Amino acid sequence: MKIIADSGSTKTHWCLTTASGQFSEFYSDGINPMLQSVEAIEQSISNQFLPQIAHLLWVGPVTDIYFYGAGCTPEKKVIVEQVLQHIFKKAHVEVASDMLGAARGLFGHAAGVACILGTGSGSCFYDGEQIAWAVPSLGYVLGDEGSAATLGKRLVGDILKNQLGADIKDLFLRETDLTQADILDHVYKQPFPNRWLANLARFCAAHLDIPAVRQMVYDHFESFVVRNLDQYEDKRVGCVGSVAYYYREVLESVLTAHGYTLVDVMQDPIQGLRVYHQ
């Protein structure tokens, strides 16, 4: 059996496939070696993923694991490799970036510009097998344009600095049941503020009918295009992630206005990765 995983900062999507082509899918918390220790990653997999697949392991041993994850840089991916190798001692383990997973899921063996627009964001030019080069995303503090975390950060910043008007501010605070003190505590004192900010971005999806909110989302994607995509020569773009999936209409209008063709949008790349690793 093979295990294919796609992990962002919020969740990990696991797919267990058999030689006959049958598959089962599972979810656990996100795994990111930039933010988590070896012990935390092993605990997450052991406590959340293994119990879900225990009843399937009688089918046969896990022979191959392909793990694509946020934070899995050449320097950090060894952490995830060590954990997976320790848990699945007889399996062949390959760990790569979530960006490569997105590219292979979207384009298979064809070339194009692959993008991740989820909790975080990223982009690259994919040559059909590997990432040829990529503009750095830099995370939600310095970059991550197009991501839910950066959209959430801009939203609460504009709300608290009275940039969206009193009506939208009152609506936001009422629907989220938050105060300014709550927001500052979550952002500056609680763990994983990027996940928390990304969750707040749902307010935008629910209120795209409000012109000021829609314009903010449009500007958000335009920043992603100008600061990232305009550095690539290829105009064929594919996107994975919840933000790309749920804001597709606004995203596509921005891309079209800048001369790009949106060739595909996936909520996550697992389906494409199953085909790639057949």
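One can find the structure itself at the top, above this paragraph.
Residues numbered from 1 in each chain as written. Predicted model: local features only at pLDDT ≥ 70, side-chain atom pairs only at ≥ 80, totals over all residues. Heavy atoms only, no water.

Engineer: Tell me what's going on with the side chain of Arg104, and back it up with residues and numbers.
Structural biologist: Structurally, Arg104 can be placed in helix α3 (residues 98-107). Despite being buried, Arg104 has no salt bridge partner; Glu129 is the closest side chain of opposite charge, sitting 4.9 Å away. At a separation of 3.0 Å, a polar atom in the side chain of Arg104 contacts the side chain of Tyr68. (Helix = DSSP H or I, 4+ residues; strand = E, 2+ residues; numbered from the N terminus. Buried < 20%, exposed > 50% of the residue type's maximum accessible area, 1.4 Å probe, protein only. Lys, Arg positive; Asp, Glu negative; His and termini not counted. Salt bridge = Lys/Arg side-chain N within 4 Å of Asp/Glu carboxyl O. Polar contact = N/O pair within 3.5 Å; in protein donor to acceptor, adjacent residues only side chain to side chain.)

Engineer: Explain the nonpolar core residue by residue, including any values.
Structural biologist: Residues Phe172, Phe221, Leu229 and Val237 are the most contacted members of the largest nonpolar core, which totals 45 residues. Apart from residues no more than four positions distant in its own chain, Leu229 is found in contact with Val113, Cys115, Ser123, Phe224, Val237, Leu255 and Tyr260. Core analysis: the second largest hydrophobic core is formed by 24 residues, Ile3, Val83, Phe88 and Val95 among them. (Core = buried A, V, L, I, M, F, W, Y, C linked by side-chain atoms within 4.5 Å. Contact = heavy atoms within 4.5 Å.)

Engineer: I'd love a proper account of the sheet that holds strand β2 (residues 11-17), names of residues and values included.
Structural biologist: Read from one edge of the open sheet, 5 strands run β3-β2-β1-β4-β5, paired in mixed fashion. Of all strands in the sheet, those with a lone pairing partner are β3 (23-29) and β5 (92-97), marking the two edges. Pairs of neighbouring strands in the sheet enclose a mean axial angle of 15°, with direction left out of account. Here 6 bridges tie strand β1 (residues 2-7) to strand β4 (residues 64-69), and the two strands are oriented parallel to one another. Across the sheet, residue Ser7 finds its bridge partner in β4, namely Gly69. Contacts between helix α1 (residues 38-53) and the sheet are confined to β1, β2 and β3, with β3 contributing the most and set at about 155° to the helix. Packing of α3 onto the sheet brings it into contact with β1, β4 and β5, and relative to β5 it is tilted by some 95°. (Pairing = 2+ DSSP bridges. Axes fitted to C-alpha atoms, helices over the stretch in contact; angles between N-to-C directions.)

Engineer: Please set out the sheet that holds strand β8 (residues 131-133) residue by residue, giving values where relevant.
Structural biologist: The strand order across the open sheet formed by 5 strands is β8-β7-β6-β9-β10, and the pairing between neighbours is mixed. Two strands bound the open sheet, and with one partner strand each, they are β8 and β10 (261-266). Averaged over all pairs of adjacent strands, the angle between their axes in this sheet comes to 35°, without regard to strand direction. Both strand β7 (residues 121-126) and β8 contribute to a ladder of 2 bridges, which runs antiparallel. Within β8, the residue paired with Phe125 across the bridge is Trp133. Across the sheet, α3 is in contact with β6 (112-117), β7, β8, β9 (236-240) and β10; its angle to β6 comes to roughly 120°. Packed onto the sheet, helix α12 (residues 248-257) meets β6, β9 and β10 and runs at close to 155° relative to β10.

Engineer: So what's going on with the pairing of β5? Residues and values would help.
Structural biologist: Alignment of β4 against β5, held across 6 bridges, turns out to be parallel. Bridge assignment links Asp64 to a residue of β5, and that residue is His92. Between the parallel elements β4 and β5, the chain passes through helix α2 (residues 77-87) in a crossover that is right-handed. (Right-handed = clockwise from strand over helix to strand, strands pointing away.)

Engineer: Give me the packing of aromatic side chains: which residues, what numbers.
Structural biologist: A complete count under the given rule lists 7 aromatic pairs for this structure. Relative to Phe49, the ring of Phe26 has its centre 6.2 Å away and its plane inclined at 70°; by these criteria the two rings are edge-to-face. With Phe26 in strand β3 and Phe49 in helix α1, this pair connects stretches of sequence that are 23 residues apart. A relative accessible area of 0% places Phe49 in the buried class. Between Trp133 and Tyr232, the ring centres sit 5.0 Å apart and the planes meet at 55°, which makes this aromatic pair tilted. Remark: Tyr232 occurs in the loop between α10 (211-227) and β9 and Trp133 occurs in strand β8; sequence separation between them is 99 residues. With a relative accessible area of 39%, Trp133 lands in the partly exposed category. By the ring-pair criterion, three or more aromatic residues cluster together here, those being Trp14, Phe26, Phe49 and Phe67. Against the face of Phe192 rests Arg195, its NZ or CZ located 3.9 Å from the ring centre. Across from the ring centre of Phe23, 3.6 Å away, lies the NZ or CZ of Arg274, which sits over that ring. (Phe/Tyr/Trp six-rings, centres within 6.5 Å; stacked < 30°, edge-to-face > 60°. Lys NZ or Arg CZ within 6 Å of the ring centre and 35° of its normal.)

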